[in-house]
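A look at the structure
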Amino acid sequence: MLFKVRSRAFAYALASLRSSSPISIVVFISQLCHRYGLTGMGVRVIKPSASADSTLMKLCLLLVAVLPALAEVNVKLPAYGTYRPGEAVKITVQTDDGEENLSWTPASNESGPVNLHYAKADRNGVMQYASVSLINAATCTGATPVISSVTQATDFGGSTTFGSGSWLEIKGQNLAPAAAIWGQSDFSGPVAPTFLGGVAVNINSKAAFVYYVSPTQINVQAPSDPAGLPVPIVVTNCGIASQPLAVNKTSIVPGVLASAKFNIGGKQYAIATYPGLDSTGNSIFVGNTNLISGVSFRPAKPGDSITLYGVGFGDVTPALGPGNIASGSTQILASVQIAFGSTTASTTYAGLAPGYVGLYQFNVTVPSVPDGDTQVTFTVNGVPISQAPFYLTVKR
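Read on for an overview of the structure. Bear in mind the structure is a predicted one, so any value in this text is a computation, not a measurement.

A few points about the state of the cysteines
- On inspection of all chains with the given rule, the structure shows one disulfide.
- Across the disulfide, Cys 140 is cross-linked to Cys 238 (sulfur-sulfur distance 2.0 Å). Residues Cys 140 and Cys 238 are joined through a disulfide that is left-handed, its torsion about the S-S bond being -75°. Placement of Cys 140 in the loop between β8 (127-136) and β9 (146-152) and of Cys 238 in the loop between β16 (229-237) and β17 (240-241) is noted, with a sequence separation of 98 residues between them.

Following this line, the structure appears as structure tokens:
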């Protein structure tokens, strides 16, 4: 999933993140068998493994670590990934071993979205995996989607310009048949889905990673793309494409997590957490006690280690592109400085947050500044980020 939600406040902030010709959806196969989850609703196995029993299959359908090697396979489906109950769906899987034609027939009472998973050993005995998503064609309305606006995620500043890896909110009408959010069974290994609930989004003709869809809003992560200036964004709902909307794109567009839920009395606070959890197993946030009812807060003291969160900070090393679950430590290539007022803070980690897709974390030591609400600023490559002011509370 996009974010691991450890408290209600965190949930507030991080959640506010039919043609008849065949099409190709790029999915992924791996050379290692990691942990799979065949327990999700709507999961089907369309090809039993040639060398793996059901126990292995149950263990190996969702990869949760970044793999040392990935290969692409093409899975061809009719009608943009839709099915009709009782009618066979023809699926062609193209791997290095050649082309294999498969078929899956949904039950007459099948209704919801279905994830189809493929597993087979190649000629060298290496396990290969792939998955695709289908939606019931009866849920498609036939209406043309209309995009009215595209911005970076509101809780991260809502910039009208974006970069590769930015999290975007696409708003409009007829964008999806119904609301859906990605789950474990939608991933192909560590790679996020590019098709969800009958919906796909193309940004400059490249597939975006689809986190959430609804008739009026879609949340996606922008793919890697060196193009700048205005680029076209197109939403496809059940095979019907919207008119493109041109949106300004640049190299990086950083944003820091400062949710509207943390705007108290007209003052916007950033969302920052302490290491560890409170007695109820929830995160402890930086701020005055009872800043938000039912959520654990305490002011920061100079010397405290705290974590802030962001999106859109650009490339990291080791390299990991958009749409991948982060694993292990990385480092942002851009130069990032964080200051409390005019005092620069020591940053002990600035990279992707392990276990998340497209979320950056910044582990910061609070500097010696006066007590009170202090404005926190981020400077990237010498330029302050373009975001409304936000604050953190310091109290000795």
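Now, onward.
Considerations on the packing of aromatic side chains
- Applying the stated criterion across every chain yields a total of 12 aromatic pairs.
- Between Phe 262 and Phe 285, the aromatic rings sit 5.7 Å apart at their centres with planes inclined by 55°, giving tilted as the arrangement. Taken as a pair, Phe 262 in the loop between β19 (255-256) and β20 (263-264) and Phe 285 in strand β23 (residues 283-286) lie far apart in primary sequence, 23 residues in all.
- Accessibility expressed as a relative area gives 1% for Phe 262, which makes it buried.
- Through a chain of ring-to-ring contacts, three or more aromatic side chains come together here, namely Phe 313, Tyr 360, Phe 362, Phe 378 and Phe 390.
- Above the ring of Tyr 274, the side-chain terminus of Arg 298 is found at 3.7 Å from the ring centroid.

Topic: the pattern of salt bridges
- Taken as a whole and assessed by the stated rule, the structure comprises four salt bridges.
- We note a salt bridge from Asp 304 to Arg 298, for which the minimum N-O separation is 3.4 Å.
- Here Arg 396 ties to Asp 371 by a salt bridge, and the two come within 2.9 Å at their closest N and O atoms. Of this pair, Arg 396 sits in the segment after β34 (391-394) while Asp 371 sits in the loop between β31 (360-365) and β32 (372-380), and the two are 25 residues apart along the sequence.
- The exposure class assigned to Asp 371 is partly exposed, which follows from its relative accessible area of 45%.
- Here the salt bridges do not stand alone but share partners, grouping Arg 298, Lys 301 and Asp 304 into one network.

So, the sheet that holds strand β11 (residues 180-181)
- With antiparallel pairing, the five strands of this open sheet are ordered in space as β9-β10-β15-β14-β11. Each of the sheet's edge strands pairs with one partner strand only, and the pair in question is β9 and β11.
- Bridge analysis of strand β10 (residues 167-173) against strand β15 (residues 217-221) gives five bridges, and the strand direction is antiparallel. Following the sheet pairing, Trp 167 is matched in β15 by Gln 221.

Focus on the pairing of strand β12 (residues 199-203)
- The element β12 is largely enclosed, with a buried count of four among its five residues.
- Relative to β16, β12 runs antiparallel, the two sharing five bridges. By the bridge assignment, Val 201 is partnered in β16 with Val 235.
- By the bridge criterion, two bridges tie β12 to strand β13 (residues 206-207) in an arrangement that is antiparallel. Across the sheet, the residue bridging to Ile 203 is Lys 206, located in β13.
- Count of turn residues in the β12/β13 antiparallel hairpin: two residues, of which Asn 204 carries a positive phi of about 55°.

Considering the nonpolar core
- Ranked by size, the top nonpolar core spans 46 residues in total, and within it Ile 170, Val 201, Ile 203, Ile 218 and Ile 233 carry the most contacts.
- Top contributing element to this core by residue count: strand β14 (residues 209-213), with four residues.
- Residues within four places of Ile 203 in sequence aside, it is in contact with Phe 162, Leu 168, Ala 208, Ala 222, Pro 223, Asp 225, Val 231, Pro 232 and Ile 233.
- Counting 33 residues, the second-largest nonpolar core is a separate cluster that includes Ile 284, Ile 306, Ile 338 and Val 369.

Focus: the environment of Gly 314
- Inspection of the secondary structure puts Gly 314 in the loop between β25 (305-311) and β26 (316-317).
- In this structure, the C-alpha to C-alpha distance between Gly 314 and Val 253, residues 61 residues apart in sequence, is 7.9 Å.
- Leaving out residues up to four positions away in the same chain, Gly 314 has contacts with Ile 252 and Tyr 360.

Reading the values: the criteria
Residues numbered from 1 in each chain as written. Predicted model: local features only at pLDDT ≥ 70, side-chain atom pairs only at ≥ 80, totals over all residues. Heavy atoms only, no water. Disulfide = S-S within 2.5 Å. Helix = DSSP H or I, 4+ residues; strand = E, 2+ residues; numbered from the N terminus. Phe/Tyr/Trp six-rings, centres within 6.5 Å; stacked < 30°, edge-to-face > 60°. Buried < 20%, exposed > 50% of the residue type's maximum accessible area, 1.4 Å probe, protein only. Lys NZ or Arg CZ within 6 Å of the ring centre and 35° of its normal. Salt bridge = Lys/Arg side-chain N within 4 Å of Asp/Glu carboxyl O. Pairing = 2+ DSSP bridges. Core = buried A, V, L, I, M, F, W, Y, C linked by side-chain atoms within 4.5 Å. Contact = heavy atoms within 4.5 Å.

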